[in-house]
Amino acid sequence: MEWTRGDLLGLEELDRAEIEMILDTAASFKEISSRPVKKVPTLRGRTIVLFFFEPSTRTRSSFELAAKRLSADSLNISTSTSALSKGETIKDTLRNIEAMQVDIIVIRHSSSGIPWALSRLVAPAIINAGDGCHEHPTQALLDMFTIKEKLGKIEGVNVTILGDIAHSRVARSNIWGLRKMGANVTVCGPRTLLPRDIEKMGVIVTDNLKDGLKNADVVNVLRIQRERQKAGLLPSLREYAQRFGISSEKLRQFARKDLLIMHPGPTNPGVEITPEVAESKTSVILEQVTNGVAVRMAVLYLVAQARDETKEEE
Amino acid sequence: MEWTRGDLLGLEELDRAEIEMILDTAASFKEISSRPVKKVPTLRGRTIVLFFFEPSTRTRSSFELAAKRLSADSLNISTSTSALSKGETIKDTLRNIEAMQVDIIVIRHSSSGIPWALSRLVAPAIINAGDGCHEHPTQALLDMFTIKEKLGKIEGVNVTILGDIAHSRVARSNIWGLRKMGANVTVCGPRTLLPRDIEKMGVIVTDNLKDGLKNADVVNVLRIQRERQKAGLLPSLREYAQRFGISSEKLRQFARKDLLIMHPGPTNPGVEITPEVAESKTSVILEQVTNGVAVRMAVLYLVAQARDETKEEE
Amino acid sequence: MEWTRGDLLGLEELDRAEIEMILDTAASFKEISSRPVKKVPTLRGRTIVLFFFEPSTRTRSSFELAAKRLSADSLNISTSTSALSKGETIKDTLRNIEAMQVDIIVIRHSSSGIPWALSRLVAPAIINAGDGCHEHPTQALLDMFTIKEKLGKIEGVNVTILGDIAHSRVARSNIWGLRKMGANVTVCGPRTLLPRDIEKMGVIVTDNLKDGLKNADVVNVLRIQRERQKAGLLPSLREYAQRFGISSEKLRQFARKDLLIMHPGPTNPGVEITPEVAESKTSVILEQVTNGVAVRMAVLYLVAQARDETKEEE
């Protein structure tokens, strides 16, 4: 099989073979970051633009390190320093960056769908680093990579995604990816934070934590945004913690002993997860971060390869 | 001929042979950015500081990519993160950067003349990336490069610069450069935005768009700064658009069919230019951006070469 | 002797042989920055994170250039763009950076002791780039390097540190380092800015400038923070300048003719030092900056080496 996509926009549109190919490529790249000399010449002389319209340390740093470890040149553009303050539209800015003959644009934006719209407008590869409440494909890929690494497979694994499903691009990308890979997905959270018709995505839905954890092999605990409370969607963080927060006590009562604990970070300690659980033996939160660099190296590499082959054929 | 200048401050002080040398060098560098591996070892191990006192995505990114494609090390310093917040003067900061043994300092500053003052104070090469309302030499060089590429020559070409001439460093550098290269230059705009005595620069002056476009081969449409309106120099953006905004309608009435449309970007759509014209067949706005990287590579290279030769002779 | 420390936290904990090893290594690296190609492959493929919680142009740039001249990959993280705005703790952020398999984290933070706390929590090397009012070891090392370069030795040299001793991490690191190297240290400043019990650090204390300069071979003039005045610790900057500011007049009256003038920068011209003195023949303020890059290259190199050897033994 060959990778042919020139963009990575979301997991909804990928098929199982494509997801497997990214995960396999990431596995082969993972070892590079554990060497003293963490660098291969694979993307030497390629230009990768990191275009972030929302503040981000983790995802931006992860992509920047992935680019550098592949020997690509990277360029940071963030909103605060951007000419967008001059009233320029994002479309104009992207076309300008394109005109500088860059190869890949990694974009994060608060509006859903922006990466798709831009991919139709410009020639460089677009990689979605999170668009609004819609998709965050590299996060879901690193989550799946971690599950596969820990449990040996994704097919048939029971994964529960816990928290604010409605506003979570992490949840959405995970559901699409996990379902394609044959996992059984349960979403769990307060009714106000569960989207209507979410069952149509092929998931089991519950607003009861006990039911949510009962058969789970993996729980992916989402970050609670404090803003939701202001919007009246959450009674209080304390009440949320009581009903849905993951603590050792609740795990003892409701979950398998070896339940794998995941979280996209950063955690709100004591809200959706206690520090004790976040740092427990079955927590793989930091391994997710390590795997994130490998997955992003894989995505940058595959997309760049596909572009080269398209050009050669022209 | 040999390039001997250790700085690039403005076009007023360059002679025709020097401008031609930059344009020829840029032509030889342009191809590099279209390769898959966009990188040559020319300036490996040189340190280039990008010192921007005004926000800028385009110019900063263009210089940063030019530096990276020549394999130089680049260092970003912008006002917001700078120690200047501690009350340090720009002179002190520059001397400190110099003491770190950097080779080239690319500087943008809101005060006219700053690059000249600094070039007398410090040893590294100074490249002016825009000083106040005074000069923006690399912008004018990329404009001339684009004209030459499109029309085969600059000598004898009729170029109209349209808009806020009085406050535009782009206009000023273009006038100096184009006149030296033998182009015929017309400046056109409302009386309040035309500097007194501008005729002395060797240009034709008009406040009538029809006259401005009549014989033009090229129109370089300047960005209108909304601040001018507050200062009482512009009646309203709408009235400006009606009298001086470039639309398909006005082009049909007043201009040659193949009039080359240029703009330094970012455009104010519907003010100085309609989106339709900005994206029309004879618009070369994005090619200007592409050429900007090549021109900046040429300038970095020539200035670095001149410095090496001076040092060898010492 | 071999370097074995995997961190550089402060000078209090180093012994004389270790300080000498850093200074000797820096001497061998200094020449690199004066070459046209300022780059050696020593740390190729290592990842160095510059994690600054306080604004800094000089120290950040100096470390970044040191990293680049050793061919390491560097990643900038500053508070303004950091996920810490999401309420994340510094410990969590550091653990995440660690999980990306970085080699060295250079950290500046306004709280004393943070680098020590973090070095116990994470595996990458921690280099302290200034913690609160506590230590700034690389500044003191470059100060000592400059003294040794200028006077041929540190042992027996009379160094006076002048100004706000109480709040100065530069003073504290210099005192520890200089005393270990056998220099005689005098601290001089207004009573309100001299810490109680400072004599216990093995220094002579005076609040009289004449006494402070009498036998000095070197004066290290500290920056006066205007904030101290608000806190009631300084009568007025003008009065400070009159009593403790270094001027040509006072040097003529009180000091040796060849007194070496040092300052960590940036100066407050006319407060703690006059511009005339700062730019005089015996001022080595800019040479300190040049030496700073060499010292930081040495520190990055030694710490990285020590880590490699530890790993090999495992």
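The preceding data block contains the structure.
Just so it is clear, the structure is predicted and the values come from calculations on it, not from any experiment.

Chemist: Just checking my understanding: could you explain the interface of chain B and chain A for this structure?
Modeler: Many analyses report the size of an interface as the accessible area lost when the parts associate. Of the residues lining the interface, 25 residues belong to chain B; the matching set on chain A comes to 23 residues. Buried area between chain B and chain A, summed over both chains or domains, comes out near 2,400 Å², and the portion from carbon and sulfur atoms is 50%. Among the residues chain B hides against chain A, the three largest losses belong to Thr57, Arg58 and Leu65 of chain B. Together they make up 21% of the total. Between chain B and chain A we count four salt bridges in total. For Lys39 of chain B, the salt bridge identified is with Asp73 of chain A, shortest N-O distance 2.9 Å. Taken together, chain B and chain A are joined by twelve residue pairs in polar contact (both at pLDDT 80 or more). Contributions of two or more residues to the side of chain B that touches chain A are made by helix H2 (58-69) and helix H12 (285-313) of chain B. Of the residues belonging to the side of chain B that touches chain A, the class tally is eight nonpolar, eight polar and nine charged.

Chemist: Got a minute to help me understand the interface of chain C and chain A in this structure?
Modeler: Every contact between the two is made by 23 residues of chain C and, on the other side, 25 residues of chain A. Both faces combined, the contact of chain C with chain A buries some 2,400 Å², and carbon together with sulfur accounts for 50% of it. Between chain C and chain A we count four salt bridges in total. Among the salt bridges present, the one from Asp103 of chain C reaches Lys38 of chain A, with a minimum N-O distance of 3.0 Å. On the surface where chain C and chain A come into contact, there are twelve residue pairs in polar contact (both at pLDDT 80 or more). Looking at the side of chain C that touches chain A, the elements that each hand over two or more residues are strand S2 (73-78) and helix H3 (90-99) of chain C.

Chemist: For this particular structure, what's the right way to read the sheet that holds strand S6 (residues 184-188) of chain B?
Modeler: Backbone-to-backbone hydrogen bonds join strands into a sheet, with any given pair of strands oriented parallel or antiparallel. Residues and elements named next belong to chain B. Taken in spatial order, the five strands of this open sheet run S7-S6-S5-S8-S9, and their pairing is parallel. Every interior strand has two partners, whereas the edge strands, strand S7 (204-206) and strand S9 (260-262), have only one. Averaged over all neighbouring strand pairs, the angle between strand axes comes to 20°, with direction disregarded. Where strand S5 (residues 158-162) and S6 come together, five bridges link them in parallel fashion. Bridging across to S6, Asn158 finds its partner in Asn184. Sitting on the sheet, helix H5 (residues 137-151) touches S5, strand S8 (218-221) and S9, and the angle it makes with S9 is about 160°. Against the sheet, helix H6 (residues 169-180) touches S5, S6 and S8, its axis set at about 160° to S6.

Chemist: I keep staring at the pattern of salt bridges and nothing clicks. Help me out?
Modeler: Under the criterion given, the structure shown has 69 salt bridges over all chains. Ionic pairing is found between Arg35 of chain B and Glu31 of chain B, a salt bridge with its closest N-O pair at 2.9 Å. One network of salt bridges, with partners in common, ties together Arg5, Glu13 and Glu18 of chain A.

Chemist: Looking at this structure, I do not really get the sheet that holds strand S8 (residues 218-221) of chain A. What am I missing?
Modeler: Residues and elements named next belong to chain A. Strand order in this open sheet of five strands is S7-S6-S5-S8-S9, and the pairing throughout is parallel. Each having just a single partner strand, strand S7 (204-206) and strand S9 (260-262) make up the two edges of the open sheet. Neighbour-to-neighbour, the strand axes of this sheet turn through a mean angle of 20°, independent of strand direction. Packing against the sheet, helix H5 (residues 137-151) makes contact with strand S5 (158-162), S8 and S9, and its axis sits at approximately 160° to S9.

Chemist: Is there a simple way to explain the packing of aromatic side chains in this structure?
Modeler: In this description, an aromatic ring pair is defined by two values, namely the gap between the centres and the angle between the planes. One pass over the structure, following the stated rule, counts nine aromatic pairs over all chains. Here the basic side chain of Arg296 of chain C rests over the ring of Phe63 of chain C, its NZ or CZ set 5.0 Å away from the ring centre.

Chemist: Quick question: what am I supposed to make of the relation of the copies chain C and chain A here?
Modeler: For the pair of chain copies, the relating operation is a rotation around an axis with a shift along it. Its rotation angle being 120°, the transformation that places chain C on chain A also includes 0.0 Å of axial translation and leaves an RMSD of 0.0 Å. As the rotation angle and translation indicate, the two copies are arranged about a three-fold axis.

Chemist: What am I meant to see in unusual backbone geometry here?
Modeler: Excluding glycine, a negative phi dihedral is what most residues carry, and trans is how most peptide bonds are arranged. Note that the residue after Gly265 of chain A, namely Pro266 of chain A, is joined by a cis bond; omega there is -15°. Residue placement: Pro266 of chain A occurs in the loop between S9 and helix H11 (275-278). At Ser71 of chain C, a residue that is not glycine, the phi angle is positive and equals roughly 70°. Relative to the helices and strands, Ser71 of chain C is located in the loop between helix H2 (58-69) and S2.

Chemist: Please explain helix H1 (residues 16-30) of chain A as it appears in this structure.
Modeler: Along an α-helix, residues three or four apart share an orientation, since each turn contains 3.6 residues. Residues and elements named next belong to chain A. Relative to the 21 Å expected for 15 residues at 1.5 Å per residue, H1 spans 21 Å between its end C-alpha atoms, a close match to the ideal helical length. Residues of H1 that are buried: Glu18, Ile19, Ile22, Leu23, Thr25, Ala26 and Phe29. Axial view of H1: buried residues confined to an arc of 165°, hence all on one face.

Chemist: Please clarify how the pairing of strand S3 (residues 104-109) of chain C should be interpreted in this entry.
Modeler: Side chains on a regular strand alternate between the two faces of the sheet. Residue and element names in this part refer to chain C. In terms of burial, S3 is a largely internal element, six of the six residues being buried. Across the two faces of S3 the burial is the same, with Ile104, Val106 and Arg108 and Ile105, Ile107 and His109 all buried. Bridge count for strand S1 (residues 47-52) against S3 is five bridges, and the pairing is parallel. Each residue of the ladder has a partner; that of Phe52, found in S3, is Arg108. Here S3 runs beside strand S4 (residues 125-131); their pairing, made up of five bridges, is parallel. Its bridge partner being in S4, His109 is matched across the sheet by Asp131. Tracing the backbone out of S3, into helix H4 (residues 114-121) and back to the parallel element S4 gives a crossover that is right-handed.

The rules behind these values
Residues numbered from 1 in each chain as written. Chains lettered and ligands numbered in written order. Predicted model: local features only at pLDDT ≥ 70, side-chain atom pairs only at ≥ 80, totals over all residues. Heavy atoms only, no water. Contact = heavy atoms within 4.5 Å. Buried area = accessible area lost by both parts, 1.4 Å probe. Salt bridge = Lys/Arg side-chain N within 4 Å of Asp/Glu carboxyl O. Polar contact = N/O pair within 3.5 Å; in protein donor to acceptor, adjacent residues only side chain to side chain. Helix = DSSP H or I, 4+ residues; strand = E, 2+ residues; numbered from the N terminus. Nonpolar A, V, L, I, M, F, W, Y, C, P; charged D, E, K, R; others polar. Pairing = 2+ DSSP bridges. Axes fitted to C-alpha atoms, helices over the stretch in contact; angles between N-to-C directions. Phe/Tyr/Trp six-rings, centres within 6.5 Å; stacked < 30°, edge-to-face > 60°. Lys NZ or Arg CZ within 6 Å of the ring centre and 35° of its normal. Least-squares fit on C-alpha atoms with pLDDT ≥ 70 in both. Expected span 1.5 Å × (residues − 1). Buried < 20%, exposed > 50% of the residue type's maximum accessible area, 1.4 Å probe, protein only. Arc of directions from axis to C-beta. Right-handed = clockwise from strand over helix to strand, strands pointing away.

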